[in-house]
Amino acid sequence: MRILLVEDDLPLAHGLQISLRHQDFVVDHVSRGKDALNALTFPDHDMVILDLGLPDISGLQVLAKIRSKKSDIPIIILTARDTIEDKVQGLDFGADDYLVKPFDISELTARLRVIERRLGTANSAIITVKNVKIDTLAHKALVDDKAINLSKKEYMVLKTLIENAGRIQSRDQIESRLYEWGEEVASNAVEVHISNIRKKLPEQFIQTIRGVGYTVNH
Amino acid sequence: MSIRRYLILILISIITLVSFIAAIQGYKASMLKAADLFDAQLHAVSDTVIALNPSKKNIKVNNQDNLAFQLWYNNVLVSKTSNAPSVAISAFKQGYSDDNFDGKRWRVFTKQNGQLWIMVAQSIKPRFDLAEKVILSAVTPMIIIIPLLSVIIFLVITHGLKPLNQLTAQLKHKKINDLTVISIENASKEIQPVVDTLNRVFTQLDSAYEREKRFASDAAHELRTPLSVLKINAHNLQFELGDDNQLLNHLFASVERMAHVVDQILKLNRSNPEQFSQQMQKVSLKKLVQQVIGQLYPEMINRHQTIEFNDGDIFIKGNDFFITTMLQNLITNASKYTPEGGHILVSTQQNQGQSILMVEDSGPGINENERGKVFDRFYRIGGDCHNSNVIGCGLGLAIVKHIAQLHRASIQLDKSQKLNGLKISVVFPQLTSKNEELLG
């Protein structure tokens, strides 16, 4: 996957390039908003990592210009501003994700992997948590390398949990993912799906955080 | 008392008083003038009578006549009008005097001409009638004009005080954190400097707020970007040197610690009640608690801790960012100071209109004598040799306290009955229309 990194702080850009190359991403770096817009006139890149504090045009304007050209290239925003207003603004302008500095490189790569899988450009479509695997190309789940039988919705719920392994997914979040896939969601659908999936998976694989949501852990 | 009422009352009183004093003075002056005229008339009549020198004993006059005279020669009454008595109406002394006869009071002029004495009398009543007429015609227009004048004064003063009223109204309706300038139409010379000074103060305060806010976000940018560089390069070094390099782990821990301190100092600065100018909205505690637990969960898994939320959905008037920060600090503290494998319980509760947020843990708790100090900046129990061995800078609860102040909430520290550790309760006040107004 080829990433366009738009960052004016050269040491940060340099460090990020090295990190991302270690993770087998191809990274092109520009440090000004205009250069980013020029680079994006050619469809060379699969996604953009965009710093909001650029010297020439603000990152938000760059974001708005990209989106005004009907481009739906995934964009992750990097910013030192952490207020909710900043975040909401960034997402309103059409960013796919938002990371506040100083971030963990593992967090950035996890989000890049999610986008990669969504774009279907991942080298490996298989995500593993403990002895459970899902194959995001074949839409299948495996326990100890043996395929298990999940309905389409159950697979979606499990995929959401496994993609976000180590993080809690609230009932609302899982519900909204089901909506995104154009499914009608009954009020207790998530609970029903979880309870069905649990019967087919190792015990304690999906954990309930009372009052918050569900999670799977490495 | 309002300036308007004061001015109207005092002006009308003064005008009334001065008008009446003037009327009385005028009355007195015209009375004197009238007396002179009447006296001159008496004088003329006496001269006429002497010149005519009548000898008729009793000259018939109408009883109602206001004029009478007596003519004496060698102390013998030679002639008199019918309304005059037969005895002398006045003393035989030249000049004017006031005397009574015929059941009335008279003004008498006595004059001697050799052996001849003339006494001319005129009833005093016409004088009083005249005086009454004079005073009435002087006072009547005033009595009519004073109410009219009051209305005019009222209108003029109301109009004159309009800029002042506008100023008062604008200041009264200003929200606590609204620092926009005020403008007054047709401000007078006296009001304009007040408006100008106020606007100067507002503008200065506003730009000071802006500077503070910008400082926090500029500082955030200036500190967070190099911290990111440190973090990423430490990560890259780790990639090259291998996972278990002791020195590298120290570096990671220090970078992490510094990032934490920077973050907390910025939040402490930003949540300072004196610099607060954020808007408050209706905030769902449930949504924020779930978000924050979601964010912090990876850290809790690392420490094999379990967390639970009672799922109570209550709403408070607050600011998303600060409530999130408060929850982050409370739950992070609970996790940090609870040993591995511990349990954390977050609950919300509505009690007599108050909204209560509680965070309990199964950790060691805080001794009663330490409870007052833990909210001080940079205070850590046991100082630098904190026995929990966790990263901290002693700002977490100071920030929580700031944020509680912003929301007019109170904080209580107790021993948790359920988990035996610390229980922190944040009590948000009942939402009345009054404090909604205060919160803007």
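Summarised in this report is the structure supplied together with it. Model, not experiment: these values are computed from the prediction.

Conventions and cut-offs
- Residues numbered from 1 in each chain as written.
- Chains lettered and ligands numbered in written order.
- Predicted model: local features only at pLDDT ≥ 70, side-chain atom pairs only at ≥ 80, totals over all residues.
- Heavy atoms only, no water.
- Helix = DSSP H or I, 4+ residues; strand = E, 2+ residues; numbered from the N terminus.
- Buried < 20%, exposed > 50% of the residue type's maximum accessible area, 1.4 Å probe, protein only.
- Contact = heavy atoms within 4.5 Å.
- Areas by Shrake-Rupley, 256 points an atom, 1.4 Å probe, with all protein chains shown as cover.
- Phe/Tyr/Trp six-rings, centres within 6.5 Å; stacked < 30°, edge-to-face > 60°.
- Pairing = 2+ DSSP bridges.
- Axes fitted to C-alpha atoms, helices over the stretch in contact; angles between N-to-C directions.
- Salt bridge = Lys/Arg side-chain N within 4 Å of Asp/Glu carboxyl O.
- Buried area = accessible area lost by both parts, 1.4 Å probe.
- Polar contact = N/O pair within 3.5 Å; in protein donor to acceptor, adjacent residues only side chain to side chain.
- Arc of directions from axis to C-beta.
- Parallel < 35°, antiparallel > 145°, perpendicular 65-115°, else oblique.
- Nonpolar A, V, L, I, M, F, W, Y, C, P; charged D, E, K, R; others polar.
- Core = buried A, V, L, I, M, F, W, Y, C linked by side-chain atoms within 4.5 Å.

Further remarks concern the overall build of chain B. From N to C terminus, chain B includes 9 helices and 13 strands. The burial tally for chain B puts 41% of its 440 residues in the buried class.

A separate point is the overall build of chain A. Along its length, chain A carries 8 helices and 12 strands. For chain A, with 218 residues in total, the buried portion stands at 49%. Relative to all contacts within chain A whose residues are 6 or more apart in sequence, the contacts with residues 24 or more apart total 56%. Working note: accessible area of chain A is about 10400 Å², and carbon and sulfur atoms make up 48% of it.

It is worth spelling out the packing of aromatic side chains at this point. Residues and elements named next belong to chain B. Throughout the structure, instances matching the rule amount to 5 aromatic pairs over all chains. A centroid spacing of 5.4 Å and a plane angle of 90° characterise the contact between F92 and W117, whose relative ring orientation is edge-to-face. Of this pair, F92 sits in the loop between β3 (76-81) and β4 (95-101) while W117 is found in strand β6 (residues 116-123), placing the two residues 25 residues apart along the sequence. Judged by centre distance (4.7 Å) and plane angle (35°), the ring pair of Y96 and F109 falls under tilted. Placement of the pair is Y96 in strand β4 and F109 in strand β5 (residues 104-113), with a sequence separation of 13 residues. Y96 sits in the partly exposed class, given a relative accessible area of 35%.

Residue and element names in this part refer to chain B. With mixed pairing, the 6 strands of this open sheet are ordered in space as β1-β3-β2-β6-β5-β4. The open sheet has two edge strands, β1 (58-59) and β4, and neither has a second partner. Relative to β5, β4 runs antiparallel, the two being bridged by 7 bridges. The residue of β5 that forms the bridge with D98 is R107. Sheet strands touched by helix α1 (residues 3-52): β2 (67-73), β4, β5 and β6. Its angle to β6, the strand with the most contacts, is close to 140°.

The subject of this paragraph is unusual backbone geometry. The peptide bond linking K101(A) to P102(A) adopts the cis configuration, its omega dihedral lying at -5°. Looking at the secondary structure, you find P102(A) in the loop between β5 (97-100) and α5 (105-119). The phi dihedral of H304(B) is positive, around 55°, even though this residue is not glycine. Its place among the elements puts H304(B) in the loop between α6 (285-302) and β8 (306-309). Judged by its relative accessible area of 57%, H304(B) falls in the exposed class. One non-glycine residue, Q352(B), adopts positive backbone phi at about 50°. As for its position among the elements, Q352(B) is in the loop between β10 (343-351) and β11 (354-361).

Moving on, we get to the pattern of salt bridges. Counted by the stated rule, this structure contains 26 salt bridges over all chains. Note that E308(B) is salt-bridged to R210(A), the shortest N-O span being 2.7 Å. Placement of the pair is E308(B) in strand β8 and R210(A) in the loop between β11 (207-209) and β12 (213-215), with the two residues belonging to separate chains. Taking the relative accessible area as the measure of exposure, R210(A) reaches 51% and is therefore exposed. What you see here is one network of salt bridges that share partners, running through R117(A), K159(A), E163(A) and R177(A).

To continue, consider the interface of chain A and chain B. With 29 residues of chain A at the contact, the number on the chain B side is 34 residues. Here chain A packs against chain B, burying approximately 2800 Å² in sum over the two surfaces, 60% of which is carbon and sulfur. Our enumeration of links across chain A and chain B arrives at 2 salt bridges. At the surface where chain A touches chain B, the tally comes to 9 residue pairs in polar contact (both at pLDDT 80 or more). For the side of chain A that touches chain B, the elements supplying multiple residues, two or more each, are α1 (10-22), α4 (84-92) and β11 of chain A.

Residue and element names in this part refer to chain A. Looking at helix α7 (residues 171-180), one finds that the buried residues are I174, E175 and L178. Seen along its axis, α7 keeps its buried residues to an arc of 100°; they face one direction. In the core, the buried residues of α7 are packed alongside α6 (152-163), β10 (169-170), α8 (189-200) and β12.

Helix packing geometry: the angle between the two helix axes and the distance between the axes. Residue and element names in this part refer to chain A. Viewed as axis vectors pointing N to C, α7 and α8 meet at an angle of 90°, and their least axial separation amounts to 10 Å. Classified by the angle their axes make, α7 and α8 are roughly perpendicular. Every residue of α8 that contacts α7 at R171, I174, E175 and L178 is listed here: V190, E191 and H193. A class-by-class count of the residues in the contact of α7 with α8 yields 3 nonpolar, 1 polar and 3 charged.

Residue and element names in this part refer to chain B. Summarising the element assignment, Q264 is placed in helix α5 (residues 246-270). The class for Q264 is buried, based on a relative accessible area of 4%. Non-local contacts of Q264, meaning those with residues more than four positions away in its chain, are made with N329, C393, L395, G396 and I399.

This brings us to the sheet that holds strand β3 (residues 47-51) of chain A. Residue and element names in this part refer to chain A. Taken in spatial order, the 5 strands of this open sheet run β2-β1-β3-β4-β5, and their pairing is parallel. At either end of the open sheet lies a strand with only one pairing partner, and these are β2 (26-30) and β5. Taken pair by pair, the neighbouring strands of this sheet meet at an average axis angle of 20°, ignoring direction. The pairing of strand β4 (residues 75-79) with β5 spans 4 bridges and is classified as parallel. Of the residues in β5, the one forming a bridge with I77 is Y98.

Residues and elements named next belong to chain B. Looking at where I366 falls in the secondary structure, it is placed in the loop between β11 and α8 (396-406). Along the sequence, I366 and L422 sit 56 residues apart, while their C-alpha atoms lie 6.4 Å from each other. Other than its neighbours up to four places away in sequence, I366 contacts R371, V374, I381, L413 and L422.

Turning our attention to the side chain of T110(B). Assignment of secondary structure puts T110(B) in strand β5. For T110(B), a relative accessible area of 0% translates into the label buried.

If you look at the hairpin formed by β4(B) and β5(B), you'll find 2 residues sitting between the two strands, and D102(B) has a positive phi there, around 55°. Linking two consecutive strands that pair antiparallel, namely β5(B) and β6(B), is a turn of 2 residues; a positive phi of about 70° is found at G114(B) within it.

If you look at the biggest cluster of nonpolar residues, it comprises 47 residues, and the most contacted ones within it are I293(B), I307(B), L330(B), V346(B) and L357(B). Mapped onto this core, the elements with two or more residues apiece are α6, β8, α7 (320-336), β10, β11, α8 and β13 (422-428) of chain B. With near-sequence residues (within four places) excluded, I293(B) lies in contact with I168(A), V212(A), I307(B), F309(B), I331(B) and V346(B).

Right, let's talk about the pairing of β2(B) for a bit. Residues and elements named next belong to chain B. Among the 7 residues of β2, 5 are classified as buried, and the element is accordingly described as predominantly covered. Across 7 bridges, β2 lies against β6 in antiparallel orientation. Along β6, the bridge assignment pairs Q70 with M119. Pairing between β2 and β3: 4 bridges, direction antiparallel. Paired with Q70 across the bridge in β3 is K80. The hairpin turn running from β2 into β3, its antiparallel successor, is 2 residues long, and N74 in that turn takes a positive phi close to 50°.

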